[in-house]
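So you can see what is in the structure, the chains are spelled out below.
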Amino acid sequence: MRHVLFALAAFWLATPVAISQPVTDPLLEHFSGTWVLRGTLAGKQTTHDITSQWILGHQYLQIHERSRETDSKGQPQYEALVLVGWEAASSQYQCLWLDSTGGGGLAGHAVALGKRDGQSIPFVFKEPDGTVSFVNTFSYESATNSWTWELDNVKKGTRVPFGRVRLTQR
């Protein structure tokens, strides 16, 4: 058994591996830390706590969002785990949004792409047929070191506001 493990280890060490370079994005670097999200979502005032950090060798920014509002079991009414990365080949950001609103987050409609526009990244979520269903635009405001998110449902090609929130550092 030791010989097999040694052979596997030697093979793995000898095999060329494409090592990804860490994401170095000045805009996303501003997002790492702890934040308080305040604003309106689905027509209701809300407050959420957000922690974000670089993971997996600085490849992905992990965002953990939890509402302060709780359900009857004392659990957050809303919770999300979001991963944001960079795809150099297409010069686009990638976003995987997993949340507590009903599962199915590993389906294609939970993945968005976004191209930077100044200090903003509009993440565009699409249905399996390719139609745009939701846009969440992250915008950084350097003067106040804060972020805004504009969350819009898309109905027949028209953006309909779902939420407007501001994130301030804690």
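Computed from a prediction, not measured in an experiment: that's the story for all the values here. (Residues numbered from 1 in each chain as written. Predicted model: local features only at pLDDT ≥ 70, side-chain atom pairs only at ≥ 80, totals over all residues. Heavy atoms only, no water.)

A. Structural view of the overall build of the protein chain. Counting its secondary structure elements, the protein chain contains 2 helices and 10 strands. The order of helices and strands in the protein chain, counted from the N terminus, is α-α-β-β-β-β-β-β-β-β-β-β. Within the protein chain, contacts between residues at least 6 apart in sequence are counted, and of these 31% link residues at least 24 apart. Put simply, the protein chain shows about 10,400 Å² of open surface, and 58% of that area lies on carbon and sulfur atoms. (Helix = DSSP H or I, 4+ residues; strand = E, 2+ residues; numbered from the N terminus. Contact = heavy atoms within 4.5 Å. Areas by Shrake-Rupley, 256 points an atom, 1.4 Å probe, with all protein chains shown as cover.)

B. Spotlight on the pattern of salt bridges. Enumeration over the complete set of coordinates arrives at 6 salt bridges. Put simply, Arg66 and Glu79 hold a salt bridge, and the shortest N to O gap is 3.3 Å. Of the two residues, Arg66 sits in strand β3 (residues 60–67) while Glu79 sits in strand β4 (residues 79–87), which places them 13 residues apart along the sequence. Residue Glu79 is classed as partly exposed on the basis of its relative accessible area, which comes to 25%. Ionic pairing is found between Asp152 and Arg159, a salt bridge with its closest N-O pair at 2.8 Å. (Salt bridge = Lys/Arg side-chain N within 4 Å of Asp/Glu carboxyl O. Buried < 20%, exposed > 50% of the residue type's maximum accessible area, 1.4 Å probe, protein only.)

C. Spotlight on the layout of surface pockets. In this structure, the largest pocket spans a volume of roughly 860 Å³. Around the largest pocket sit 31 residues that line it, and Tyr78, Trp97, Asp99, Thr101 and Phe162 are the ones nearest its centre. If you list the elements that add at least two residues to the lining of the largest pocket, you get β1 (33–41), β2 (44–55), β3, β5 (92–99), β8 (132–141) and β9 (146–155). Broken down by element, the lining of the largest pocket gets its largest block of residues, 4 residues, from β2. Looking at the lining of the largest pocket residue by residue, the class counts come to 12 nonpolar, 14 polar and 5 charged. (1 Å grid on protein atoms, 1.4 Å probe; cavity = no way out; pocket = protein on both sides within 12 Å on 5 of 7 lines; lining within 4 Å. Points joined across faces, edges and corners; volume = space filled by probe spheres on them. Nonpolar A, V, L, I, M, F, W, Y, C, P; charged D, E, K, R; others polar.)

D. Structural detail: the environment of Asp152. Tracing the backbone through its elements, the reader meets Asp152 in strand β9. Here the alpha-carbon distance between Asp152 and Val124, two residues 28 residues apart in the chain, equals 9.8 Å. If we skip the residues at most four places from it in the chain, Asp152 touches Ser133, Phe134, Val135, Arg159, Val160, Pro161, Phe162 and Arg164. A distance of 2.9 Å separates the side chain of Asp152 from the side chain of Arg164, its partner in a polar contact. (Polar contact = N/O pair within 3.5 Å; in protein donor to acceptor, adjacent residues only side chain to side chain.)

E. Region of interest: the sheet that holds β8. If you trace the 10 strands once around the closed barrel, you get β1-β2-β3-β4-β5-β6-β7-β8-β9-β10, paired in antiparallel fashion. This sheet shows a mean twist of 25 degrees between the axes of neighbouring strands, independent of strand direction. One ladder, built from 6 bridges, connects β3 with β4; its direction is antiparallel. In the strand pairing of β4, Ile63 is matched with Val82. (Pairing = 2+ DSSP bridges. Axes fitted to C-alpha atoms, helices over the stretch in contact; angles between N-to-C directions.)

F. Representation of the packing of aromatic side chains in the model. Taken as a whole and assessed by the stated rule, the structure comprises 13 aromatic pairs. Each ring, one from Phe31 and one from Trp35, has its centre 5.7 Å from the other, and the planes form 35 degrees; the classification is tilted. Relative accessible area serves as the criterion here: at 0%, Phe31 is assigned to the buried category. With relative accessibility at 0%, the residue Trp35 sits in the buried group. Between Phe123 and Phe138, the aromatic rings sit 5.0 Å apart at their centres with planes inclined by 75 degrees, giving edge-to-face as the arrangement. Of this pair, Phe123 sits in strand β7 (residues 120–126) while Phe138 is found in strand β8, placing the two residues 15 residues apart along the sequence. (Phe/Tyr/Trp six-rings, centres within 6.5 Å; stacked < 30°, edge-to-face > 60°.)

Nothing here speaks to function; it is all geometry.
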